[in-house]
Amino acid sequence: QVQLVESGGGMVQAGGSLRLSCAASGSIFAINDMAWYRQAPGKPRELVANVTRGSSTKYADSVKGRFTISRDNIRNTVDLQMNSLSPDDTANYYCNARVTAIVRSSGLVESDYWGQGTQVTVSS
């Protein structure tokens, strides 16, 4: 029904920058909140940043001032610009979107969708 595809992960040295992108496609009626989460080995998945349809944003304390989330409501994309990266930012990053999808048998259904994850590795 709905797919989220991430891109932009990779390896970078401490102090460097990366930009993650996520594109939503499929039977989309509307996209509400969009967000980026991350999960490091042995740790629970945590919210990194969230953006509402009206572009209000929220950030984890650990990334405030370094990361910027933005979205394009026409292209159905959400980006995460990550600056001043540190080894503590190493994790698998996941795109999340709360989507009202068009379901043939049910009409409009709101659900959370996840991307497959993209690895970010920051070396010291």
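Residues numbered from 1 in each chain as written. Predicted model: local features only at pLDDT ≥ 70, side-chain atom pairs only at ≥ 80, totals over all residues. Heavy atoms only, no water.

Student: Account for the overall build of the chain, with residues named and values stated.
Tutor: Helix and strand content of the chain: zero helices and eleven strands. Reading the helices (α) and strands (β) of the chain from amino to carboxyl end gives β-β-β-β-β-β-β-β-β-β-β. For 124 residues, the compact-globule formula gives about 14 Å, and the C-alpha radius of gyration of the chain, at 15 Å, lands near that figure. Its C-alpha atoms put the chain at 50 × 25 × 20 Å along the principal axes. Sorting the 124 residues of the chain into buried and exposed places 41% on the buried side. Put simply, of all contacts in the chain between residues at least 6 apart along the chain, 57% involve residues at least 24 apart. (Helix = DSSP H or I, 4+ residues; strand = E, 2+ residues; numbered from the N terminus. Rg over C-alpha atoms; globule rule 2.2 N^0.38 Å. Buried < 20%, exposed > 50% of the residue type's maximum accessible area, 1.4 Å probe, protein only. Contact = heavy atoms within 4.5 Å.)

Student: Any chance you could break down the environment of S62 for me, citing the residues and the numbers?
Tutor: Position of S62 among the secondary structure elements: in the loop between β6 (57–59) and β7 (67–72). Residue class for S62 comes out partly exposed when judged on its relative accessible area of 41%.

Student: Kindly report on the environment of A35, identifying the contributing residues and their values.
Tutor: If you trace the backbone, A35 turns up in strand β4 (residues 28–39). Residue A35 is classed as buried on the basis of its relative accessible area, which comes to 2%. For the pair formed by A35 and D79, sequence separation is 44 residues and the distance between their alpha carbons is 9.1 Å. In this structure A35 touches L47, A49, N50, I69, Y94, C95 and N96, once residues within four positions along its chain are discounted.

Student: Which residues make up the packing of aromatic side chains, and what values do they have?
Tutor: Within the structure shown, the criterion is met by one aromatic pair. Residue placement shows R45 over the ring face of Y94; its charged tip is 3.8 Å from the ring centre. For the cation-ring pair, R45 lies above W114, with the distance from its terminal atom to the ring centre recorded as 4.7 Å. (Phe/Tyr/Trp six-rings, centres within 6.5 Å; stacked < 30°, edge-to-face > 60°. Lys NZ or Arg CZ within 6 Å of the ring centre and 35° of its normal.)

Student: A description of the state of the cysteines should follow, citing residues and the corresponding values.
Tutor: Put plainly, two cysteines are in a disulfide when a covalent bond ties their sulfur atoms together. For the coordinates displayed, the defined rule picks out one disulfide. Each sulfur of the disulfide joining C22 and C95 lies 2.1 Å from the other. Handedness here is read from the sign of the S-S torsion; for C22 and C95, about -80°, the answer is left-handed. Separated by 73 residues along the polypeptide, C22 in strand β3 (residues 18–26) and C95 in strand β9 (residues 91–103) bring together distant segments of the chain. Both residues of the pair, C22 and C95, count as buried. (Disulfide = S-S within 2.5 Å.)

Student: Run through the sheet that holds strand β8 (residues 77–82), naming residues and quoting values.
Tutor: Taken in spatial order, the four strands line up as β1-β3-β8-β7 in an open sheet, and their pairing is antiparallel. Either end of the sheet is taken by a strand with one partner, and the two such strands are β1 (2–7) and β7. For this sheet, the mean angle separating the axes of adjacent strands, direction not counted, is 15°. Alignment of β1 against β3, held across six bridges, turns out to be antiparallel. Residue pairing across strands places Q3 opposite S25, the latter belonging to β3. (Pairing = 2+ DSSP bridges. Axes fitted to C-alpha atoms, helices over the stretch in contact; angles between N-to-C directions.)

Student: Kindly report on the pattern of salt bridges, identifying the contributing residues and their values.
Tutor: Per the stated rule, a full pass over the model turns up seven salt bridges. A salt bridge links R75 to D72, with the shortest nitrogen-to-oxygen separation between them at 3.8 Å. Look at R75 and you get exposed, because its relative accessible area is 56%. The exposure class of D72 is partly exposed, given its relative accessible area of 26%. (Salt bridge = Lys/Arg side-chain N within 4 Å of Asp/Glu carboxyl O.)

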